[in-house]
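Read off the chains here:
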Amino acid sequence: MMEQKLRPRRMRISENMRAMVRETQLSVKDFVYPIFVVAGTNVKEEIPSMPNCYHLSVDKAVDQAKEIAELGIPAVEVFGLPEYKDEIGSSAWDMNSPVQRAIKAIKEAVPQLMIVGDVCLCQYTTHGHCGQLCGHYVDNDKTLALLQKVAVSQAQAGADIIAPSDMMDGRVAAIREALDENGFTNVSIMSYAVKYASGYYGPFRDAADSAPQFGDRKAYQMDPANSREAMKEVELDLAEGADIIMVKPALAYLDIVHQVREKINHPVAVYNVSGEYAMVKAAAANGWIDEKRIVLETLTSMKRAGADIIITYHAIDAAKWLREENL
Ligand code: PBG
Ligand code: ZN
C-alpha cells in the first residue's frame, strides 16, 4: 500500500489549530446596521417580513443606536418613512423629516457612531420610483439636482457617509460637488455602484413603503445577468469621486464582489439585503436551519469574497454571537 504523505487534515486537527490557520476572520467592526425611522414617539413596531427589525420613532432609534454602539458595531444606516409624499419626493430633504431628525439625535447621543444616510427618492415619491418622472420615464438629470438636496440635508443633520442608492448616472459627481460647495468635504460617499434590479428587495419595499406604483426599476438598476457592466459602473463611480464601492445584493453576487475586490484599491461594501435576511429568518423559525451557524457562515463568505464592510440586518445578533465565541 502507498504511504500517504500529504495530509492537509493536520491543519484541521483541533479548534486552536484551525483558529491559527484561519484565513478570514469576521469582526463586529465589519458591520453596518440598517434602521427604519418613522414619525411619532415611543414607536417600536416589528416589520412582519423582517422579524426582529422595527419601525422606530426617533427616541427609540436613539435607544437602538446606543445598543449598537455598546456592541461595538461602528455604524448605522438610516432609512425613513416620511410623513408626506409628493411627485418629486420633497420630504427627502425636509430637515423635519424622521431621517434628518434621527441623524441629528443619534449624532448628539452617540457621537462616535458613524451614520450612513441612504440617499434615494423612492420612499418619498407618491409613485415610488427613485427619481423625478417625465411621463413614465425616470428623468436622470432632473433627479440629480434633487439627490444633491437630499445629500446636503443629511450631511447638515450630521451624517458621516452619504450612500446614494438610486442608480442615476452621474449622481456621485453631483453629490460630491454639492457636499463640497456646502463645506462637507469630509463627508464621504459610499456608492451603491453595483445595484441589481433584484427580487431580494421585496421585504424592504414593504418595510419602507417604497414599491414602485407602476412598472419596475429595470431601466435604472442593473440586469442580474451582467458582470462586465458592474465593472463599468465601478470605474465610473470611482472617477466621479466615490470613496467606498458597494455591491448589492450580497449572496447571489459574490462573484461580482470578488471581481471588484481584485480590480480596485478602494474599500468594498456589500449589502446583505432584506430578502436574504427574510429567507434565513423564515427557515430558522421553522427549525429547518441553525440560524447562528448559517448567519456566521454567510457573513464570513461575504468577507472571504472581498467585502470590507457588510451592511446587514443580522448585525446585532452576529455581534452577540461573535462575542460569545470570543472573536
Ligand atoms: C432604495 C433602497 C432599496 C434598498 C436599499 N435602498 C430598495 C430598492 O431599490 O427598491 C434595499 C434594501 C434591502 O432590500 O434590504 N432605493
Ligand atoms: Zn430608490
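In the block above lies the structure referred to throughout.
Presented here is a report on the structure given in the accompanying data block. (Residues numbered from 1 in each chain as written. Chains lettered and ligands numbered in written order. Predicted model: local features only at pLDDT ≥ 70, side-chain atom pairs only at ≥ 80, totals over all residues. Heavy atoms only, no water.)

### Remarks on the coordination of the zinc ion (ligand 2)
Every protein donor of the zinc ion (ligand 2) is listed here as Cys120 (SG), Cys122 (SG) and Cys130 (SG), and their distances to the metal cover 2.2 to 2.3 Å. For the zinc ion (ligand 2), the four donor atoms in the first shell make angles of 97 to 122° at the metal, a pattern classed as tetrahedral. Donor residues for the zinc ion (ligand 2), ordered by position in the chain, follow C-x1-C-x7-C. Residue cysteine 122 is classed as buried on the basis of its relative accessible area, which comes to 6%. (Donors = N, O, S within 2.8 Å, 3.2 Å for Na, K, Ca; no water. Tetrahedral: all angles 85-135°; square planar, octahedral: opposite > 155°, others 65-115°. Buried < 20%, exposed > 50% of the residue type's maximum accessible area, 1.4 Å probe, protein only.)

### Observations regarding the packing of aromatic side chains
Tallying each qualifying case throughout the model produces eight aromatic pairs. For the ring pair phenylalanine 36 and tyrosine 313, a centre distance of 6.3 Å and an interplane angle of 10° mean the geometry is stacked. Residue phenylalanine 36 is located in strand 1 (residues 31–38), and its partner tyrosine 313 is located in the loop between strand 12 (309–312) and helix 11 (315–324); the two are separated by 277 residues in the primary sequence. The residues phenylalanine 36 and tyrosine 313 share a single accessibility class, namely buried. Judged by centre distance (6.1 Å) and plane angle (50°), the ring pair of tyrosine 271 and tyrosine 313 falls under tilted. Pair noted here: tyrosine 271 is in strand 11 (residues 268–272) and tyrosine 313 is in the loop between strand 12 and helix 11, with a separation of 42 residues, a long-range link. In this pair, the class of tyrosine 271 matches that of tyrosine 313, namely buried. Here the aromatic residues Phe36, Phe79, Tyr192, Phe204, Tyr271, Tyr277 and Tyr313 are joined through ring pairs into a cluster of three or more. Lysine 248 extends its terminal NZ or CZ atom over the ring of tyrosine 201, reaching a point 4.6 Å from the ring centre. When the ring centre of tyrosine 271 is taken as origin, the NZ or CZ atom of lysine 248, which lies over that ring, is 4.8 Å away. (Phe/Tyr/Trp six-rings, centres within 6.5 Å; stacked < 30°, edge-to-face > 60°. Helix = DSSP H or I, 4+ residues; strand = E, 2+ residues; numbered from the N terminus. Lys NZ or Arg CZ within 6 Å of the ring centre and 35° of its normal.)

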